[in-house]
Each structure stands twice: as C-alpha cells, then as structure tokens.
Amino acid sequence: AGMAGGFLMEIRRGTQSALLVIRYAAAAEDRGTPVEVSVSADSLEVRSGGSCAAAALPAGVRLAPSSCRGLRRLPGDGLHMRMRVRRPPPPADLAFTLRESPKPHKKYVFYCQSCGDIIVKDRKFLRVLPLPSENWSDLVEEWCCHPNPFARSTLHPQPDDCFLGDTFFLLNSGNESHVPESPKSKENTRVICKRCKTILGETMSSDTIKYYVTEVIIQPSEGSCSPIPRSQFVQSMVAQCLLELSSAKSTFRFTVKGDNEKTYVLIWLLNSDTLLVESLGSSFSLSALALFEDTFMPSSGPVGTWNAVKVLYQPCIKCRNKDLADEWENDMGVHPLKFPSETCLELLLILGLSTASLPPSLRCMNSFQV
C-alpha cells in the first residue's frame, strides 16, 4: 500500500545522506493523532490512527536506520528527518539521451521539437566543431601584444560544417526554406517552423543560421523522431547545458536571457548528484525537490525514482531583482545562456510550479527560490 500522505526522499550521493519528508493525512495532524514511523534498510512504514502504510525502497537504495536524527514535525509539511545512506545508489548517468550531438560523416535529420516537422533533412557534416565562448574576442585583446588579428573575422560554417555553441548549433543555411530572404529587422531574422510557427532560431548572416537546442531534435537519418513532452524536453536541455558548462568552466551561476537580450532568470547550480525517491501517490509533484530531471527510472510498486539536478533561482521579469541581475551581469564568474524569449517564459513557469509543489519550509534558501 502507498503512504497515507506520501513521502519524498532526497538522497545525495556525494555526502551519502538522505532527507526524508513524510506527509501524513491532514486529519491525523488536526486531531493530534500519534504517528509512528519505522525505517528499515530497504523500506518505510507509517502507523497512524489504527492504519498502516508501507513502501519498499527501490533496488540500490539502502539506508542506515540507526543514523536517523533531526526528527521534527512542521505544520503543513509533515515529519522531517535526516539519515545516512548505507550504500549509495549507482552514479547517475548524466549523458542525457534527449540531446544528440552530431558527429562527422553521419547523416542527420533536424526536427521541430514542438510538432515533429522536418527542418533539415539528411544533412551530412564533414566537420563538427565546438565554438569558443561568446567573449573569446575580448580574451584575444587581453593576450595579444599586437592588434587583434581576428578583429574582422567571423565564424561562418561552410556547407558541410556544424558549429556547436553553448545553447545552439550554427549551420550553413544552404537552401533552407525557413531562412528569410532579406532580413531587415530583428523580427525578420527569426527562423520559424512552417507547420506550428514555433521560433526555432535566427539567421546570423545571409548564409548562417542558428538553431537553439531547446527547439530542435537531432536524430540520425536512419532513426525516427518520438514525441517528447515539451516540459520534459526543456528541463532536460537546460539541465544538460548547466552540467556541461559547470564541468568545463567551473562556473555555477548563470543568467538566462531571451533573444530580445532581456534577462529572465538567475540560476545557481546547487548540485547534480541528487536521487529523488517518491511515493507516486504523494501530495508532492513528481519534480518536487529538483527542477530538472532526466528520464524516469522505472521501479516496481508505488515508488518512483529520478536522477535530478537541483538549482536555486531568482526571476527577473517586470524589473524584479534588478540590482542582483545587474551585479551578476558584470560578474565574470557568471555565464550567460541565451534561448528564445518564449522558452525563457516556459522555463520560468516550470520553475514556479516546481517551487509551489514543495513543502513550504523547503521553497527558499538564502533568499533564492528552490
């Protein structure tokens, strides 16, 4: 049977620790009915008012019951306790399967993520090259003792090239029908899906087009495009960007900007070693203590398990947190991420819904939202 009010467990692989939140029935809380919680190495059991509910933990999760500490009851939250993990779960596979990076000498098809329409068909790349960071030219100025030899140079892919940016791909436009013939304004440079009218990217020049990773799905030509829920896709793409950049550049703070150059949200990557274990009938949402999760890991019984990335964030729309946004804007340790403005709003909505799903005591940390 599932827990009467559900449970949520946040396991940190790095510290081999777990936070357990048990939400029992509101009626029991109102009557002051005693609640008895039993924790074993591989299961939880809650007794209250003559009823008993139990749940087995997924394989690979083993607790140390004798280490339980910090037991407290918070009105509206339920019971909180911390404990050690006897055997930490296997390391998370952070190679997200939703994002395919093109490889040389293979044919690929680019699909619109929103509707599945084919955007680029059977394109074979001879070169797939990572782009330098956006401020690479400034760094050249600092290091060169003579005038910048690249001052007038721009990076344009040739017909068989694919350049990889932090949040986008650069392709040679070739004969793409999505590219405006003569862009005269910012609106006219947008690349739009012919079927669903979603913004896919923008034209950078007469022969270069930028596709955002949150708007297209790339699959080998011999494969097929399977529908993916929009929310899950956006979460996974943004999560992968955060993880790749934090690993490559040791930066953990990010500004999320739209293609209109406005800042929408400030994100602080907290950890990426979290495993969430949750009773599927609980009152928490499936993404409770994390804002981005990768593919659901099937498990038997009424318990779900997710590998998750946990972040702190501050919205910046309607001039909110303007001073902090300005401070981060001028901080070299903060990395900018650019997406279509509509996608930035989607991300804000996802973050807000995740925060609202948490127990009240876990929704904020150091003035940031969780």
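See above for the structure.
Computed from a prediction, not measured in an experiment: that's the story for all the values here.

Novice: An account of the overall build of the chain is needed here, citing residue identities and associated values.
Specialist: Secondary structure assignment for the chain yields five helices and 23 strands. Considering the chain as a whole, with its 370 residues, one finds that 49% of them fall into the buried category. Considering only intrachain contacts with a sequence separation of at least 6, the fraction spanning at least 24 residues in the chain is 64%. Accessible surface, the chain as shown: approximately 18,100 Å² in total, 53% of it carbon and sulfur.

Novice: Explain helix α5 (residues 341–357) residue by residue, including any values.
Specialist: With 17 residues, α5 ought to run about 24 Å at 1.5 Å a step, and its terminal C-alpha atoms sit 25 Å apart, in line with that. Residues of α5 that are buried include every one of Ser341, Thr343, Cys344, Leu347, Leu348, Ile350, Leu351, Ser354, Thr355 and Ser357, and no others.

Novice: Give me the sheet that holds strand β10 (residues 127–130): which residues, what numbers.
Specialist: Strand order in the open sheet made by the six strands is β10-β11-β12-β15-β14-β13, with mixed pairing throughout. On the outer flanks of this sheet lie β10 and β13 (190–192), each paired with one strand and no other. Ignoring strand direction, the axes of neighbouring strands in this sheet form an average angle of 25 degrees. The sheet contact formed by strand β14 (residues 199–205) and strand β15 (residues 208–212) spans four bridges and is antiparallel. Bridge assignment links Gly201 to a residue of β15, and that residue is Tyr211.

Novice: Give me the lowdown on the environment of Val109, citing residues and values where you can.
Specialist: Tracing the backbone shows Val109 in strand β8 (residues 107–112). Taking relative accessible area as the criterion, Val109 reaches 4% and is therefore assigned buried. Distance from Val109 to Gly223, taken between C-alpha atoms, is 8.7 Å for residues 114 residues apart in sequence. With residues near it in sequence (within four places) discarded, Val109 still touches Ile118, Val120, Lys121, Asp122, Ile217, Ile218, Gln219 and Ser221.

Novice: Before we move on, can you summarise a positive patch on the surface with the specific residues and values?
Specialist: Residues Arg69, Arg72, Arg82 and Arg84 make up a contiguous surface patch of positive charge. Counting only elements with at least two residues in the positive patch, the list comes to β6 (62–74) and β7 (78–87). Mapping Arg84 onto the fold places it in strand β7. Overall, the relative accessible area of 43% leaves Arg84 in the partly exposed class.

Novice: An account of the sheet that holds strand β5 (residues 51–56) is needed here, citing residue identities and associated values.
Specialist: The strand order across the open sheet formed by three strands is β3-β4-β5, and the pairing between neighbours is antiparallel. Edge positions in the sheet fall to β3 (35–39) and β5, since each has one partner strand and no second. On average, adjacent strands in this sheet sit at an angle of 10 degrees to one another, irrespective of strand direction. Taken together, the five bridges between β3 and strand β4 (residues 43–48) define a ladder with antiparallel strand orientation. Following the sheet pairing, Val35 is matched in β4 by Ser48.

Novice: I'd like to hear about the packing of aromatic side chains, residue by residue, with values.
Specialist: Under the criterion given, the structure shown has six aromatic pairs. Centroid distance Phe110 to Tyr211: 6.1 Å. Interplanar angle 45 degrees. Geometry classified as tilted. Here the residue Phe110 occupies a position in strand β8, and Tyr211 occupies one in strand β15, the gap between them amounting to 101 residues. Tyr211 matches Phe110 in its accessibility class, with the two residues each being buried. In this structure an aromatic cluster arises from ring pairing among Phe110, Phe125, Phe169 and Tyr211. The ring of Trp268 carries the charged tip of Arg253 above its face, separated from the ring centre by 5.7 Å. In this structure, Arg253 is placed above the aromatic ring of Trp328, and the distance from its NZ or CZ to the ring centre is 5.3 Å.

Novice: Go over the side chain of Thr355, please, and point to the residues and values.
Specialist: Within the fold, Thr355 resides in helix α5. Separated by 2.7 Å, the side chains of Thr355 and Tyr313 make a polar contact.

Novice: Which residues make up the nonpolar core, and what are the values?
Specialist: The biggest cluster of nonpolar side chains holds 41 residues, and the ones touching the most others in it are Phe110, Ile119, Leu171, Tyr211, Val265 and Ile267. It is helix α3 (residues 230–249) that provides the largest number of residues to this core, a total of seven residues. When residues of this core are sorted by domain, at least three fall in each of domain 2 (106–220) and domain 3 (230–272 + 306–369).

Novice: Residues and numbers for the environment of Thr203, please.
Specialist: Summarising the element assignment, Thr203 is placed in strand β14. Taking the C-alpha atoms as reference points, Thr203 and Ser173, separated by 30 residues in sequence, lie 8.4 Å from one another.

Rules of the game
Residues numbered from 1 in each chain as written. Predicted model: local features only at pLDDT ≥ 70, side-chain atom pairs only at ≥ 80, totals over all residues. Heavy atoms only, no water. Helix = DSSP H or I, 4+ residues; strand = E, 2+ residues; numbered from the N terminus. Buried < 20%, exposed > 50% of the residue type's maximum accessible area, 1.4 Å probe, protein only. Contact = heavy atoms within 4.5 Å. Areas by Shrake-Rupley, 256 points an atom, 1.4 Å probe, with all protein chains shown as cover. Expected span 1.5 Å × (residues − 1). Pairing = 2+ DSSP bridges. Axes fitted to C-alpha atoms, helices over the stretch in contact; angles between N-to-C directions. Patch = residues over 30% accessible without salt bridge, like charges linked within 9 Å, V, L, I, M, F, W, Y side chains within 5 Å. Salt bridge = Lys/Arg side-chain N within 4 Å of Asp/Glu carboxyl O. Lys, Arg positive; Asp, Glu negative; His and termini not counted. Charge placed at Lys NZ, Arg CZ, Asp CG, Glu CD. Phe/Tyr/Trp six-rings, centres within 6.5 Å; stacked < 30°, edge-to-face > 60°. Lys NZ or Arg CZ within 6 Å of the ring centre and 35° of its normal. Polar contact = N/O pair within 3.5 Å; in protein donor to acceptor, adjacent residues only side chain to side chain. Core = buried A, V, L, I, M, F, W, Y, C linked by side-chain atoms within 4.5 Å. Domains from an automatic or database assignment.

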